[in-house]
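Chain by chain, the residues run as shown.
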Amino acid sequence: MADQQQGGPATAGAGQAVRGAAGDDEALGYEQARDALLEVVRQLETGGTSLEESLALWERGEQLAKVCQRWLDGARARLDAALASEESAAGE
């Protein structure tokens, strides 16, 4: 996680926020996925998109939320492992 870049994509129109294949998502860092997800939410809240565009935005948001959750789950696992290592070292 430490080698991931901070920041995210530039503010985009509805079409740009929807783009992104699942393979591309795997390369996103947490901050990038979070920022893209925030942009999708902003666009959905603003409205003014067709039903089809709104559905595509929703699906994109779901993909991005999964990427964020994977990063958070990985961070939790690393913390748990570090704490377990500390506890085992303290118990010796």
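To be clear, the structure that these remarks concern was listed above.
Reference entry: report on the structure contained in this document. Predicted model only: the values in this text are computed from it and were never measured. The residue count restarts for each chain, going from 1 along the sequence in the order it is written. Since the coordinates come from a predicted model, pLDDT governs what is reported: local features require at least 70, and pairs of side-chain atoms require 80 or more to be given and counted, while whole-chain, interface and lining totals use all residues. Excluded from the side-chain calculation are hydrogens and water; included are all heavy atoms of the structure.

### Structural notes on the packing of helix α3 (residues 30-46) against helix α4 (residues 51-91)
Here is step 1: Contact pair α3 / α4: the axes reach a minimum separation of 9 Å and the direction vectors enclose 150 degrees. Judged by the angle between their axes, α3 and α4 are roughly antiparallel. Handedness of the α3/α4 crossing: left-handed. Contact with α3, carried on its side by Y30, A33, R34, A36, L37, V40, Q43 and L44, involves S54, L57, W58, R60, G61, L64, A65, V67, C68, W71 and L72 of α4 and no other residues of that element.
Here is step 2: For this scheme, ten residues count as nonpolar: Ala, Val, Leu, Ile, Met, Phe, Trp, Tyr, Cys and Pro. Four count as charged, namely Asp, Glu, Lys and Arg, and the remainder, Gly too, count as polar. For the contact of α3 with α4, the residue count by class is 14 nonpolar, three polar and two charged. Fitting a line to C-alpha atoms yields each axis, with helices limited to the stretch in contact; the angle taken between N-to-C directions then spans 0 to 180 degrees. Secondary structure is summarised from DSSP: a helix means a run of H or I of at least four residues, a strand means a run of E of at least two, and numbering begins at the N terminus for each. An angle counts as roughly parallel when it lies under 35 degrees, as roughly antiparallel when it exceeds 145, as roughly perpendicular when it falls between 65 and 115, and as oblique in every other case. The handedness criterion is simple: a crossing whose near helix is rotated anticlockwise from the far helix by less than a right angle is left-handed, and one whose near helix is rotated clockwise is right-handed. Two residues form a contact once any of their heavy atoms are found within 4.5 Å.

### A look at the pattern of salt bridges
Here is step 1: Definition used for salt bridges: Asp or Glu carboxyl oxygen within 4 Å of a side-chain nitrogen of Lys or Arg. The tally for this structure, following the rule as stated, stands at four salt bridges.
Here is step 2: The salt bridge involving D35 is made with R34; its shortest N-O contact spans 3.1 Å.
Here is step 3: The classification of residues rests on relative accessible area computed with a 1.4 Å probe and restricted to protein chains. Under 20% of the type maximum is buried, over 50% is exposed, and intermediate values are partly exposed. Relative accessible area serves as the criterion here: at 26%, D35 is assigned to the partly exposed category.
Here is step 4: On the accessibility criterion, R34 (32% relative accessible area) is partly exposed.
Here is step 5: Here E39 makes a salt bridge to R42, at a shortest N to O gap of 2.6 Å. Separated by three residues within a single helix, E39 and R42 lie in helix α3, roughly one turn from each other.

### Considerations on the nonpolar core
Here is step 1: Grouped together as the largest cluster of nonpolar side chains are nine residues: L28, A33, A36, V40, L57, L64, V67, C68 and W71.
Here is step 2: Top element by residues in this core is α4. It accounts for five residues.
Here is step 3: Sequence-distant contacts of L64, defined by excluding residues within four places in its chain, comprise D25, L28, A33, A36, L37 and V40. Residues enter a nonpolar core if they are buried and are Ala, Val, Leu, Ile, Met, Phe, Trp, Tyr or Cys, with the set joined through side-chain atoms within 4.5 Å.

### Here's the deal with α3
Here is step 1: Its 17 residues place the ends of α3 24 Å apart at the C-alpha level, agreeing with the 24 Å of an ideal helix rising 1.5 Å per residue.
Here is step 2: Here α3 has its buried residues at E31, Q32, A33, A36, E39, V40 and Q43.
Here is step 3: Looking one or two residues past α3, G47 carries a phi angle of roughly 80 degrees, positive in sign. For a helix, the expected span equals 1.5 Å multiplied by the number of residues minus one.

### Considerations on a negative patch on the surface
Here is step 1: A patch is a set of surface residues, each over 30% in relative accessible area and not in a salt bridge, joined within 9 Å for like charges and within 5 Å for the nonpolar side chains Val, Leu, Ile, Met, Phe, Trp and Tyr. Reported accessibility uses the Shrake-Rupley method at a 1.4 Å probe radius. Residues are deemed covered only where the shown protein chains occlude them. Working convention for charge: Lys and Arg count positive, Asp and Glu count negative, and His plus the chain ends are omitted. All charge positions are set by atom: Lys at NZ, Arg at CZ, Asp at CG, Glu at CD. On the surface, E52, E53, E59 and E62 cluster together into a patch of negative charge.
Here is step 2: Examined against the element boundaries, E52 turns out to sit in helix α4.
Here is step 3: Of the residues examined, E52 reaches a relative accessible area of 59% and is grouped as exposed.

### With respect to the environment of L72
Here is step 1: Structurally, L72 is set in helix α4.
Here is step 2: Classification of L72 by relative accessible area gives partly exposed; the value is 43%.
Here is step 3: Taking C-alpha positions, L72 is 8.1 Å from Y30, a pair spaced 42 residues apart along the chain.

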